[in-house]
Amino acid sequence: MAIEALVPVPDDAVAEVRTAARPTRTERLVVGLLANTKRNAPELLTAVAALLESELPGVEFVGPVVTEGVMLPSAAQLADLVDRCDAVLTGLGDCGSCSATTMHVATDFEARGVPAAAICTEPFLASASAMAARRGLPGYAFARVAHPVSSLEQHEIEERAQEALPQVLTILGIDALRAAARREEFVAGIGEVAG
Amino acid sequence: MRIPVTAATVTGESESALADEFARRGWTDGLPVTVPTAERVNACLAAAGREPDEVLLSVEENRRDVTVRLAAVNAVLAGCAAEQFPVVVAAIQGWADPRWGAGDRTFFYMSNASTGGGAQLTVVNGPVRHALGMNSGTNLYGPAAHANVAIGRALRLVLRNVLGFRPDTLDQATQGHPGKLGFCLAENEEQSPWEPLHVEHGFSADDSTVMVMSGRGPEPIENRTGASAEGILHTIADTLSRLGAMVPGGPVVVVMGPEHADIVGSKHGWSKQEAKRFLYENFRRPVADLARAELKFRPDPVRDRTEGGITYRYGARDPGDIALIVAGGRNAGISSVITSWCYATPPGEFILAPVRMP
């Protein structure tokens, strides 16, 4: 005779969230830097920001702002950055809890219409991905850099920033924007030749 | 109390086939399980007198709720007897206490996800210890009594199955410790010279309670020759003050063996508060020691103090950060300490929740 058993896990699929629309320009963007309380988090975000200056003409940065909670921003911090920024860099996910909470923060920005690039280190891809799925964004892309970060010196942090930069440009849609611009130039060039 | 038809079920041809299916789906810790049939789950629900859909704990970070029903299903899975289930419920209610993290509930999430590797410790006080046949004597941390093992395992399965803290995803403990299989102790109140933990925290001796915190593995303290209170307490404070635990700091549990407690409390007449004060004063390291180990930490006016020209980092914020319980066998000068990680309760507070029977 068949035996019926109760399932020990919840049936609680979360509704999927749409990622925020990416910027439609590369000039004069306002980019927020939101660091959690992990050691070297503001330093890493600042190093990435320094590299973004030559990629995004006229870019302005807000922060680095450090979360009022140990890992999460206060509602006021979140609202302020949503209000002021075209995009946000956030991190650092270089531990079990901070990798997941970094994705919590990033997905909160996305749900509020602000594109976010989160930075996590490679041992924590599983926890970061699992949290993104629980926040309604399965498969959400984030920047992945080598571990560790917390114990690094400044010149090593700058190496991690170099590693993050191309990923950040892809995640924030800057690469796609540039590719579209190149296509337009190419098509216009064909038009001129044809004309 | 009936299980509503909305409860998800799986069917199998036999208990062993179902147990295999549970293992295949990753719903176990790898050990054999008791199949949670409706009859067994109902018995737990009746023992606790709770509505199955009542939410005991919500974890906002990863959007998971622990209902009484899911807790009961996992308690059966772990091998809990129905009468043990109210202790499981009380511990989960302790996890939901707003004091966890001293206003920043993310600490509860972190305590289960962190590389730091803490396990959820449950310390049981009061008459329920005897009613359930709990062990508080020799082999305190070992599998000496069914209730300790089953309650601890039930809580671990709730964390894994209901809250999603699986070792392959959200639980990223670098090493963890064996308490992650189950970490449930009872205080040996009968062999303590002092008031038990729950009475110290305002409950009646007739109440039954759980104290919950995220604890690292127990660290043994052996002093079989010390005859003074100071000698015993110095040995304990020295173990608390090891370099590898000095940066997080915060609340700790001192699990004093009855023989040590006899010397400190009975032979020399120290009160519990005097013992805790002594431990607090000696739970510290010169900052220079931390610097030699390149341990970097943020200044903390509560925990950094200069005395006699030496700057110390203190482990606790005040004597109330030290929970002093008596447990283990009365057969040797052995104690242990359990330090915490990600358990920043307000200074001097521990989270105790009452065990309620219908």
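Chain A goes by UGSC family (Seleno)protein in an unreviewed UniProt entry, where it is assigned to Phytohabitans maris.

With that out of the way, let us pick up the overall build of chain B. For chain B, the helix and strand inventory stands at 12 helices and 14 strands. Since a compact globule built from 358 residues should have a radius of gyration of about 21 Å, the 21 Å found for chain B is in line with a globular shape. Reported as C-alpha extents along the three principal axes, the dimensions of chain B are approximately 70 × 40 × 30 Å. Within chain B, the fraction of its 358 residues that count as buried is 57%. Counted over contacts in chain B with a minimum sequence separation of 6, partners at least 24 positions apart contribute 81%. Total accessible area on chain B is roughly 13,700 Å²; 51% of this is exposed by carbon and sulfur atoms. A gap of 4 Å separates the mean positions of the 34 positive and 40 negative side-chain charges of chain B.

What follows covers the environment of Pro32 of chain B. If you trace the backbone, Pro32 of chain B turns up in the loop between helix H1 (15–24) and helix H2 (38–48). Placed 46 residues apart in sequence, Pro32 of chain B and Ala78 of chain B show a C-alpha to C-alpha distance of 8.6 Å.

Turning our attention to the environment of Val66 of chain A. Residue and element names in this part refer to chain A. With respect to the element layout, Val66 can be found in strand S3 (residues 60–66). According to the relative accessible area criterion, Val66 is partly exposed, its value standing at 40%. Sequence-distant contacts of Val66, defined by excluding residues within four places in its chain, comprise Ala35, Asn36, Thr37, Pro42 and Gln77.

This brings us to empty space enclosed by the protein. Residues and elements named next belong to chain A. The final tally for this structure, using the stated rule, is 1 cavity of 30 Å³ or more. What the largest cavity holds in volume is close to 40 Å³. Within the residue set of the lining of the largest cavity, elements represented by two or more residues are strand S2 (30–35), strand S4 (87–93) and helix H3 (96–111).

Criteria and cut-off values
Residues numbered from 1 in each chain as written. Chains lettered and ligands numbered in written order. Predicted model: local features only at pLDDT ≥ 70, side-chain atom pairs only at ≥ 80, totals over all residues. Heavy atoms only, no water. Helix = DSSP H or I, 4+ residues; strand = E, 2+ residues; numbered from the N terminus. Rg over C-alpha atoms; globule rule 2.2 N^0.38 Å. Buried < 20%, exposed > 50% of the residue type's maximum accessible area, 1.4 Å probe, protein only. Contact = heavy atoms within 4.5 Å. Areas by Shrake-Rupley, 256 points an atom, 1.4 Å probe, with all protein chains shown as cover. Lys, Arg positive; Asp, Glu negative; His and termini not counted. Charge placed at Lys NZ, Arg CZ, Asp CG, Glu CD. 1 Å grid on protein atoms, 1.4 Å probe; cavity = no way out; pocket = protein on both sides within 12 Å on 5 of 7 lines; lining within 4 Å. Points joined across faces, edges and corners; volume = space filled by probe spheres on them.

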